[in-house]
Amino acid sequence: MAVVVTKALVELRPEGDGCGEPECGFGSLDEEDEQREDSCYVLYRDRKVWADIDPHLQDDGKKPNVQIIYSEKFQDVFDYFRAVLQRDERSERAFKLTADAIEVNATNHKVWHFRRVLLRSLGKDLHEELTYIKTIIEDQPKNYQVWYHRQMLVGWLQDPSQELEFTADMLNQDAKSYHVWQHRQWVIQEFKLWDNELEYVDELLKEDVRNNSVWSQRYFVISNTTGYDDPAVLDREVQYTLDMITAVPRNESAWNYLKGILQDRGLYKYTNVLEYLLNLQPSHSSPYLVAFLLDMHEDMLENQCDNKEETLNKALELCEILAKEKDSIRKEYWRYIGWTLKSKYSSAAGQSILTDTDQ
């Protein structure tokens, strides 16, 4: 059963130097503010309003192998948090306690879970909580707990109106943040906010064509909207990617995207792409271009092309280029690929395989 503490009790303040209980903060402070706060911070064990609670000390066992040295404030906060959690106390003071616990350890999932329980039980303003979590996310953007908390709030409110702008602001600080992209994808998919997202992706790729996260977002958006089965969409995306590759040939992200949208449909079918890349090779050659050509020739062999021996010889030649020139650091890998292709598709006995003497 939840323990209810009256509002009058919560509003009591401890005796002391006038600093009183700290107000609910929005996360970590800068060093000067933190020192100033600590100078007037009153430990929970010294607050009269918490005198009815027996702190629940952390049990590390009789002989802990590696005992963590916690600060006095940390120990005090979590001793009382464990006690409140054990009592399942649904009160304003418990809610404020979660803020202190988050301030000293914002990655503790039990604290965040209990805070959400209190938000619902106490009927707290969820928009205020969005402001609270926004400030913490800005300070700790790589914390899984804070993003999940925001997701829960947006889901409860059924109001995604701030999310695209918020995530865009966060991506301005770190355009490859997994946490931000994950939240943005959830919001878009949950609330069907697909409009203008492809245009947003275009803008980000203009800023950094090598950003693999943005290429992944492009695939995510198209896969969940038009799809790639429409020939017009596929042709548009192929040409878009080839243009990006021509501009920046050594951009692995674009090559991965091109392979991703064509591979399941059969690379061997796209003779126009093969021709384009062969024409591009003399002036824009890269390990990625040669490896893509190799993938296309291997796909031809797997699909019983007419000129099997010629295709195999071309594939082996590409393996040799990769092993000796374009990607020599992985030469043994490319030799293995060549050996595998020859073993599987060659009908001529005694044909040479890439060896050390070929170098």
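Here the structure is a predicted model, which means the values were calculated and not measured. Within every chain, residues take consecutive numbers counted from 1 along the sequence as written. Selection of residues for local features in this predicted model requires a pLDDT of at least 70, selection of side-chain atom pairs for listing and counting requires 80 or more, and totals for whole chains, interfaces and linings are taken over all residues. Values reported for side chains reflect all heavy atoms of the structure, with hydrogen atoms and water molecules removed beforehand.

Caption draft 1: Examining the overall build of the chain more closely. Along its length, the chain carries 17 helices and 0 strands. For every residue, the accessible area obtained with a 1.4 Å probe (protein chains only) is divided by the maximum for its type, and the residue is called buried under 20%, exposed over 50%, and partly exposed between those limits. Counting the 359 residues in the chain, one finds 43% classified as buried. Contacts between residues were defined by any pair of non-hydrogen atoms, one from each residue, lying within 4.5 Å. Taking as baseline every contact in the chain between residues at least 6 positions apart, the subset at least 24 positions apart corresponds to 64%. Roughly 19800 Å² of accessible area belongs to the chain as shown, and the carbon and sulfur atoms make up 48% of that amount. Think of it this way: any DSSP run of H or I at least four residues long counts as a helix, any run of E at least two long counts as a strand, and we number them from the N terminus. Working definition of accessibility: Shrake-Rupley area with a 1.4 Å probe, residue cover restricted to the visible protein chains.

Caption draft 2: Structural detail: the packing of helix H10 (residues 197-207) against helix H11 (residues 212-223). Where H10 meets H11, the closest approach of the two axes is 10 Å, and the angle between their N-to-C directions is 160 degrees. Relative to H11, the element H10 is oriented roughly antiparallel. The crossing of H10 and H11 is left-handed. The segment H10 lies against H11, with Glu-197, Leu-198, Val-201, Asp-202, Leu-204 and Leu-205 engaging Val-214, Trp-215, Gln-217, Arg-218, Val-221 and Ile-222. Amino acids outside the nonpolar list (Ala, Val, Leu, Ile, Met, Phe, Trp, Tyr, Cys, Pro) and the charged list (Asp, Glu, Lys, Arg) are all regarded as polar, and Gly is one of them. Its residues assigned to classes, the contact of H10 with H11 shows 8 nonpolar, 1 polar and 3 charged. Lines fitted to C-alpha atoms define the axes here, with helix axes fitted over just the stretch in contact, and angles between the N-to-C directions of these axes take values from 0 to 180 degrees. Note on terminology: angles under 35 degrees are roughly parallel, angles over 145 are roughly antiparallel, angles of 65 to 115 are roughly perpendicular, and the others are oblique. Left-handed is the label given to a crossing in which the near helix is rotated counterclockwise from the far helix by less than a right angle, and right-handed is the label when the rotation is clockwise.

Caption draft 3: Representation of the nonpolar core. Here, the term nonpolar core denotes a set of buried Ala, Val, Leu, Ile, Met, Phe, Trp, Tyr and Cys residues that are joined through side-chain atoms within 4.5 Å. Core analysis: the biggest nonpolar cluster contains 100 residues, and Leu-262, Leu-277 and Leu-294 have the highest contact counts within it. Each residue touching Leu-262, except ones within four places of it in the same chain, is listed here: Leu-234, Val-238, Leu-267, Tyr-270 and Val-273.

Caption draft 4: Structural detail: helix H15 (residues 287-302). Given the number of residues in a helix, its expected span is that number minus one, multiplied by 1.5 Å. The end-to-end C-alpha separation of H15 is 22 Å, in line with the 22 Å expected for 16 residues at 1.5 Å each. For H15, a buried count of 12 out of 16 residues is recorded, marking the element as mostly surrounded by other parts of the structure. Every buried residue of H15 is listed here: Pro-287, Leu-289, Val-290, Ala-291, Phe-292, Leu-293, Leu-294, Met-296, His-297, Asp-299, Met-300 and Leu-301. Just downstream of H15 lies Gln-304, where phi reads positive at about 55 degrees.

Caption draft 5: Focus on the pattern of salt bridges. One side-chain nitrogen of Lys or Arg within 4 Å of one carboxyl oxygen of Asp or Glu is enough to make a salt bridge. Throughout the structure, instances matching the rule amount to 23 salt bridges. For Lys-259, the salt bridge is made with Asp-295, and the minimal N-O distance between the two is 2.9 Å. Linking Lys-259 in helix H13 (residues 252-262) with Asp-295 in helix H15, this pair joins segments that are 36 residues apart in sequence. Take Lys-259: its relative accessible area is 26%, and that puts it in the partly exposed class. Taken together, the salt bridges that share partners define one network made up of Asp-52, Arg-87, Glu-89 and Arg-93.

Caption draft 6: Inspection of helix H8 (residues 163-173) at higher detail. Turning to H8, its buried residues number three or more, namely Glu-163, Phe-166, Thr-167, Ala-168, Met-170 and Leu-171. Residues of H8 that are buried in the fold lie against helix H6 (126-139), helix H7 (144-157), helix H9 (178-191) and H10.

Caption draft 7: Highlighting the packing of H7 against H8. Where H7 meets H8, the axes come as close as 13 Å, and the angle between the chain directions of the two elements is 165 degrees. Taken together, the axis directions place H7 and H8 in an arrangement best described as roughly antiparallel. H7 and H8 meet at a crossing whose hand is right-handed. Contacts between H7 and H8 involve Trp-147, Arg-150 and Val-154 on the former and, on the latter, Glu-163, Phe-166 and Met-170.

Caption draft 8: Highlighting unusual backbone geometry. In this model, Asp-88 sits at a positive phi of 55 degrees, which is unusual for a non-glycine residue. Note that Asp-88 resides in the loop between helix H3 (72-87) and helix H4 (92-104). Note on Asp-88: relative accessible area 23%, which makes it partly exposed. In this structure, Asn-196 takes a positive phi of about 75 degrees despite not being glycine. With respect to the helices, strands and loops of the structure, Asn-196 is situated in the loop between H9 and H10.

Caption draft 9: Local environment of the packing of aromatic side chains. Classification of ring pairs rests on two measures: the distance between centres of Phe, Tyr or Trp rings, Trp counted by its six-membered ring, which must be within 6.5 Å, and the angle between planes, read as stacked under 30 degrees, edge-to-face over 60 and tilted in between. Considering all chains together, one arrives at 17 aromatic pairs under this definition. Looking at Arg-93, its charged tip hangs above the ring of Trp-50, at a distance of 4.4 Å from the centre. In this structure, Arg-115 is placed above the aromatic ring of Tyr-132, and the distance from its NZ or CZ to the ring centre is 4.1 Å. The criterion is that NZ of a Lys, or CZ of an Arg, lies within 6 Å of the ring centre and within 35 degrees of the ring normal, and then a charge sits over that ring.

Caption draft 10: Quick peek at the environment of Asp-243. Summarising the element assignment, Asp-243 is placed in helix H12 (residues 231-247). By relative accessible area, which is 43% here, Asp-243 ends up partly exposed.

Caption draft 11: Main features of the environment of His-179. Along the polypeptide, His-179 turns up in helix H9. For the pair His-179 and Thr-167, spaced 12 residues apart in sequence, the C-alpha to C-alpha distance is 9.7 Å. What His-179 contacts, discounting residues up to four positions off in sequence, is Pro-141, Lys-142, Asn-143, Tyr-144 and Trp-147.

Caption draft 12: The arrangement of the confidence of the model for the chain in detail. Scored between 0 and 100, pLDDT is the confidence that the predictor attaches to each residue. Averaged over every residue, the pLDDT of the chain is 89; the share at 70 or more is 86%. Below a pLDDT of 50 lies the segment residues 4-29, which in the model reaches 46 contacts outside its immediate sequence neighbourhood of four places, other chains included. Low pLDDT, under 50, characterises residues 349-357; the stretch is placed with 16 contacts to residues that sit more than four places away or in other chains.

Caption draft 13: Highlighting the side chain of Ser-253. Secondary-structure assignment places Ser-253 in helix H13. Polar contacts here mean pairs of N or O atoms no more than 3.5 Å apart (in protein, one a potential hydrogen donor and the other a potential acceptor; neighbouring residues in sequence count only if both atoms are side-chain atoms). At a separation of 3.2 Å, a polar atom in the side chain of Ser-253 contacts the main-chain carbonyl oxygen of Arg-210.

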